[in-house]
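# Topology and contacts: notes
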Amino acid sequence: MNAETPDPAVPAPPLSKKDRMKIPRQPMPEQDPARRRTNFEEVNQGLTVMGAATEALRCLSCANPKCTSGCPVGVKVKDFVDLIVAGDFLGAAAKIREDNILPAITGRVCPQETQCEGCCILGNKFEPLGVGYLERFVADYERRTGRVGLPERPLATGKKVAIVGSGPAGLSAAGDLVRQGHAVTVFEALHAIGGVLLYGIPEFRLPKEIVRHEVDAMRMMGVEFQTNVVIGKTVTIDELMADEGYDAVFVATGAGLPKFLDVPGEHLNGVYSANEFLTRVNLMRADAFPESDEPVFDCRGRDVAVVGGGNTAMDAVRTACRLGARTSYLIYRRSEAEMPARAEELKHAKQEGIALMTLTNPVAFLGDADGFVSGVRCVRMELGEPDASGRRSPKEIPGSEFETPIQMAVIALGTSANPLVQSTTPELATTRKGYIAADPETLRTSKRGVFAGGDIVTGGATVILAMGAGRKAAASIHEYLSTGAWDAPA
Ligand SMILES: Cc1cc2nc3c(=O)[nH]c(=O)nc-3n(C[C@H](O)[C@H](O)[C@H](O)COP(=O)(O)OP(=O)(O)OC[C@H]3O[C@@H](n4cnc5c(N)ncnc54)[C@H](O)[C@@H]3O)c2cc1C
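Small disclaimer: the values here were computed from a predicted structure and weren't measured. As a convention, each chain's residues are numbered from 1 in the sequence order in which they are written. In keeping with the model being predicted, local features are shown solely for residues with a pLDDT of at least 70 and side-chain atom pairs are shown and tallied solely at 80 or more, while totals for entire chains, interfaces and linings include all residues. Excluded from the side-chain calculations are hydrogens and water; all other atoms, namely the structure's heavy atoms, are used.

### Notes on the overall build of the protein
Only runs of H or I of at least four residues qualify as helices and only runs of E of at least two qualify as strands under DSSP, and these elements are numbered from the N terminus. Along the backbone of the protein there are 19 helices and 16 strands. Relative to the compact-globule value of 23 Å for 490 residues, the protein shows a C-alpha radius of gyration of 24 Å, a close match. Viewed in the frame of its principal axes, the protein has a C-alpha envelope of about 75 × 70 × 50 Å. Across the protein, contacts joining residues at least 24 apart in sequence account for 69% of those joining residues at least 6 apart. For the accessible areas, the method is Shrake-Rupley and the probe is 1.4 Å, while residue cover comes only from the protein chains on display. Surface summary for the protein: the accessible area is close to 22,000 Å², and the carbon and sulfur share equals 53%. The convention is simple: Lys and Arg are positive, Asp and Glu are negative, and His and the chain ends are not counted. Where a charge lies is defined by one atom per residue type, namely NZ (Lys), CZ (Arg), CG (Asp) and CD (Glu). Mean positive and mean negative side-chain charge positions of the protein (54 and 61 charges, respectively) differ by 4 Å. Using C-alpha atoms as the atom set, the radius of gyration is obtained and then compared with a globule rule of 2.2 Å times the number of residues to the power 0.38. Here, two residues are considered to be in contact whenever any of their heavy atoms come within 4.5 Å of each other.

Right, dumping it as structure tokens:
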């Protein structure tokens with residue numbers, strides 16, 4: 001060993017804060033845009049061990065870390081990043097799991113720029129720590145080793161809990177409740193488990209293999225899953241409680257009812273809701289038709305317009321592109337700065353050659369003699385004063401109408417509450433917009449023993465907020481089952 005070679009037995013001196021700040025943010029290796037726009041493989045390839053170890057060194061280990069308060073479930077970022085620095089990747093994954101049971105998923109889909117990373121102090125002068133990239137790295141590392149630690153089975157409490165809906169809210173509640181010894185059954189209307197994680201978010205952002213892996217881990221923990229059960233039709237909540245002996249119910253049915261523009265021509269052939277379009281491709285694998293049984297509009301060589309500016313719109317437009325569309329327009333009535341989609345999705349969509357039409361709003365779809373959509377009539381918009389959401393409200397520019405030929409359109413304007421459970425559970429109070437009314441702290445509804453959380457309470461939000469609601473509900477349900485005390489929300 002010469003003088004320059006460090007002796008591995010001697011620990012390296014810790015890097016000074018100044019030196020840490022000199023390290024640039026490690027880029028995420030990505031599939032090349034020209035190649036990836038033709039396939040459904042994951043765009044982000046994940047940090048290498050070296051990339052992750054280097055990125056972790058950028059953390060300044062703040063005495064009072066702001067990143068944790070920026071995380072809706074309070075992941076102890078500094079602690080898990082310290083474990084990466086120490087080379088203990090499995091320990092880092094276990095640390096995250098204390099607060100977040102789906103790190104491989106949230107590391108991929110959270111809008112980190114407005115949460116943990118948005119609060120990182122490095123971001124004041126440099127790029128923030130890549131918290132999402134690191135979270136994803138340790139979760140993927142753990143999965144690849146096959147050493148996901150399952151908690152010990154606790155003693156059975158003899159209490160039964162029904163969970164309605166298998167999205168992130170239902171899954172996180174199920175994980176917590178089964179660890180407390182309750183018998184948990186998740187009822188899902190579709191034939192597969194995962195909610196939006198499965199049928200909404202495409203494979204190129206969130207490989208379904210990861211969702212299946214997490215669901216399998218929960219099965220091994222003792223969670224029972226029943227698919228093809230539509231609560232409110234197959235069986236009601238009252239029947240679950242009165243006839244099937246469930247002591248508590250958590251309603252986590254999401255907000256899966258699509259909104260439409262309500263303009264002439266919206267019912268023409270070739271106009272889809274984003275829910276239908278994405279479900280056909282993600283859940284039913286219409287991209288592989290005719291090997292799969294499910295067809296979808298043949299986009300090859302056609303012009304497709306997607307209307308909206310959120311994650312759903314971004315997923316739909318990038319899916320159309322991968323199905324071979326000649327032009328994939330994204331029509332959004334505000335400007336790029338107001339788009340609610342994750343920053344990374346917009347960046348990726350642009351790299352993939354999406355044709356952005358901002359400050360533009362469709363006023364009609366035009367059809368051909370056979371009833372198929374052949375064009376979209378739009379009007380240009382300008383931004384006025386901020387509205388209730390804090391975003392500048394768009395206003396039509398008179399006389400600015402124009403027409404663009406298209407052969408398919410996808411409406412991605414957001415979703416609202418499916419009314420089925422509410423309408424078949426008489427004691428369940430709802431809000432003016434039809435969401436379930438639940439106490440924000442305890443998630444108790446107006447019906448004794450019934451709790452609700454996730455998008456069915458908040459309206460369309462994020463995966464991590466739904467998971468946070470699931471955890472809150474689980475704690476509250478556990479308390480109710482242990483004490484029997486019930487104070488209905490005011
Ligand atoms: C296309 C798309 C992309 C998105 N991208 C992101 C993203 O990148 N990052 C992010 O943080 N968030 C994203 N979101 C939002 C996020 O997915 C949701 O906020 C989250 O999934 C809500 O979780 P949930 O558990 O409340 O409901 P859901 O995930 O909607 O799950 C509800 C489940 O309940 C089932 N169900 C409904 N009614 C019944 C019934 N009567 N009986 C039985 N089962 C029923 C449904 O089939 C579904 O499986 C996206 C949403 C969409 C649609």
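### Observations regarding the packing of helix 14 (residues 274–283) against helix 15 (residues 311–322)
The packing of two helices is summarised by the inter-axis angle and the distance between the axes. Comment: axis = line fitted to C-alpha atoms, over the contacting stretch for helices; angle = value between 0 and 180 degrees taken between N-to-C directions. The interhelical angle for the contact between helix 14 and helix 15, taken along N-to-C directions, is 50°, at an axis separation of 10 Å. Relative to helix 15, helix 14 is oriented oblique. The way helix 14 lies across helix 15 gives a crossing that is left-handed. In contact with Ala274, Phe277, Leu278 and Val281 of helix 14, helix 15 contributes Thr312, Asp315, Ala316, Thr319 and Ala320. Class assignment of the residues belonging to the contact of helix 14 with helix 15 gives a composition of six nonpolar, two polar and one charged. Roughly parallel means an angle under 35 degrees; roughly antiparallel means over 145; roughly perpendicular covers 65 to 115; every other angle is labelled oblique. Here a crossing is called left-handed whenever its near helix is offset anticlockwise from the far helix by less than a right angle, and right-handed whenever the offset is clockwise. Only Asp, Glu, Lys and Arg are considered charged, only Ala, Val, Leu, Ile, Met, Phe, Trp, Tyr, Cys and Pro nonpolar, and every remaining residue, Gly among them, polar.

### Description of the pattern of salt bridges
The rule for a salt bridge is simple: a side-chain nitrogen of Lys or Arg has to be within 4 Å of a carboxyl oxygen of Asp or Glu. If you walk through the whole model with that rule in mind, you get 38 salt bridges. Residue glutamate 30 pairs with arginine 36 through a salt bridge whose shortest N-O separation is 3.8 Å. The salt bridge involving glutamate 403 is made with arginine 377; its shortest N-O contact spans 2.8 Å. You can see glutamate 403 sitting in strand 13 (residues 402–405) and its partner arginine 377 sitting in strand 11 (residues 373–386), a full 26 residues away along the chain. Since its relative accessible area comes to 48%, glutamate 403 is described here as partly exposed. Residues participating in the shared-partner salt-bridge network are Glu30, Arg36, Arg205, Asp315, Arg318, Arg322, Arg342, Glu344, Glu345, Lys347 and Glu352. Each residue is assigned to one of three classes by its accessible area relative to the maximum for its type, calculated with a 1.4 Å probe on protein chains only: buried under 20%, partly exposed between the two thresholds, exposed over 50%.

### A look at the sheet that holds strand 2 (residues 183–187)
We call two strands paired when DSSP finds no fewer than two bridges between them. Taken together, the five strands give an open sheet; going across it, the order is 3-2-1-4-16, and neighbouring strands pair in parallel fashion. Because the sheet does not close on itself, it has two edges, and the strands there are strand 3 (224–226) and strand 16 (450–452). Across the sheet, the mean angle from the axis of one strand to that of its neighbour is 20°, orientation sign disregarded. Relative to strand 4 (residues 248–251), strand 1 (residues 160–164) runs parallel, the two being bridged by four bridges. For alanine 162, the partnering residue across the bridge sits in strand 4 and is valine 249.

### Looking at the packing of aromatic side chains
Two aromatic rings from Phe, Tyr or Trp, using only the six-membered ring of Trp, form a pair when their centres are within 6.5 Å; if the ring planes differ by under 30 degrees the pair is stacked, by over 60 it is edge-to-face, and anything between is tilted. Tallying each qualifying case throughout the model produces nine aromatic pairs. Considering the side-chain rings of phenylalanine 89 and tyrosine 141, the 5.0 Å spacing of their centres and the 80° angle between planes classify their relative orientation as edge-to-face. One end of the pair, phenylalanine 89, is in helix 6 (residues 89–97); the other, tyrosine 141, is in helix 9 (residues 131–145), and 52 residues separate them in sequence. A residue is classified by how much of its surface remains accessible, and tyrosine 141, at 28% relative accessible area, is partly exposed. Note on tyrosine 480 and tryptophan 486: the rings are 5.2 Å apart at their centroids and 75° apart in plane angle, and the pair reads as edge-to-face. Grouping aromatic residues by their ring pairs yields a cluster made of Phe89, Phe137 and Tyr141. Residue placement shows arginine 444 over the ring face of tryptophan 486; its charged tip is 5.1 Å from the ring centre. By definition here, charges over rings are those cases where NZ of Lys or CZ of Arg is within 6 Å of the ring centre and within 35 degrees of the ring normal.

### With respect to the state of the cysteines
Working definition: a disulfide is two cysteine sulfur atoms within 2.5 Å of each other. Counted according to the given criterion, the structure contains zero disulfides. Here cysteine 321 is not disulfide-linked; the sulfur of cysteine 299 is the nearest cysteine sulfur, at 10.0 Å.

### Brief notes about the sheet that holds strand 7 (residues 303–307)
One open sheet holds the five strands; their spatial order is 6-14-7-8-9, and the pairing between them is parallel. Bordering the open sheet on either side are strand 6 (271–273) and strand 9 (355–357), each of which pairs with just one other strand. In this sheet, adjacent strand axes meet at a mean angle of 20° when their direction is disregarded. Direction of pairing for strand 8 (residues 327–331) relative to strand 9: parallel, over a ladder of three bridges. Looking across to strand 9, one finds that isoleucine 331 is bridged to methionine 357. Strands in contact with helix 15 are strand 7, strand 8 and strand 14 (408–411); relative to strand 8, the strand with the most contacts, it is inclined by about 170°.

### A word on the nonpolar core
Ranked by size, the top nonpolar core spans 75 residues in total, and within it Phe80, Ile105, Leu134, Ile163 and Phe250 carry the most contacts. Element by element, the count of residues in this core is highest for helix 19 (residues 463–483), at ten residues. Excluding residues within four positions of it along the chain, leucine 134 makes contact with Leu47, Ala52, Glu55, Ala56, Phe80, Val81, Ile84 and Leu129. In this description, a nonpolar core means a group of buried Ala, Val, Leu, Ile, Met, Phe, Trp, Tyr and Cys residues linked to one another through side-chain atoms lying within 4.5 Å. Phe277, Cys321, Ile354 and Ala412 belong to the second-largest nonpolar core, a separate cluster that totals 31 residues.

### Some words on the packing of helix 15 against helix 16 (residues 343–351)
In contact at an axis separation of 10 Å, helix 15 and helix 16 are set at 25° when each is read in the N-to-C sense. In terms of axis orientation, helix 15 runs roughly parallel to helix 16. As for the relative orientation of helix 15 and helix 16, their crossing is left-handed in sense. In this structure, helix 15 contributes Asn311, Met314 and Arg318 to the contact, and helix 16 contributes Glu345, Leu346, His348 and Ala349. Tallied by class, the residues present in the contact of helix 15 with helix 16 amount to three nonpolar, two polar and two charged.

### A look at the site of the ligand
A molecule or strand has a residue near it when one of that residue's heavy atoms lies within 4 Å. Val109, Glu188, Arg205, Ile231 and Val463 are the nearest of the 35 residues found near the ligand. Within the side chain of arginine 205, one N or O atom sits 2.7 Å away from an oxygen atom of the ligand. Burial of the ligand by the protein amounts to 93% of the accessible area it has alone, namely 1,000 Å². Counting residues per element, the ones that place at least two in the shell around the ligand are helix 10 (168–179), helix 15, helix 17 (420–423) and helix 19. Looking at the shell around the ligand element by element, the count peaks at three residues for helix 15. Of the residues contributing to the shell around the ligand, the split by class is 19 nonpolar, eleven polar and five charged. The definition of a polar contact used here is a pair of N or O atoms within 3.5 Å, where within protein one atom must be able to donate a hydrogen and the other to accept one, and adjacent residues in sequence count solely through side-chain atom pairs.

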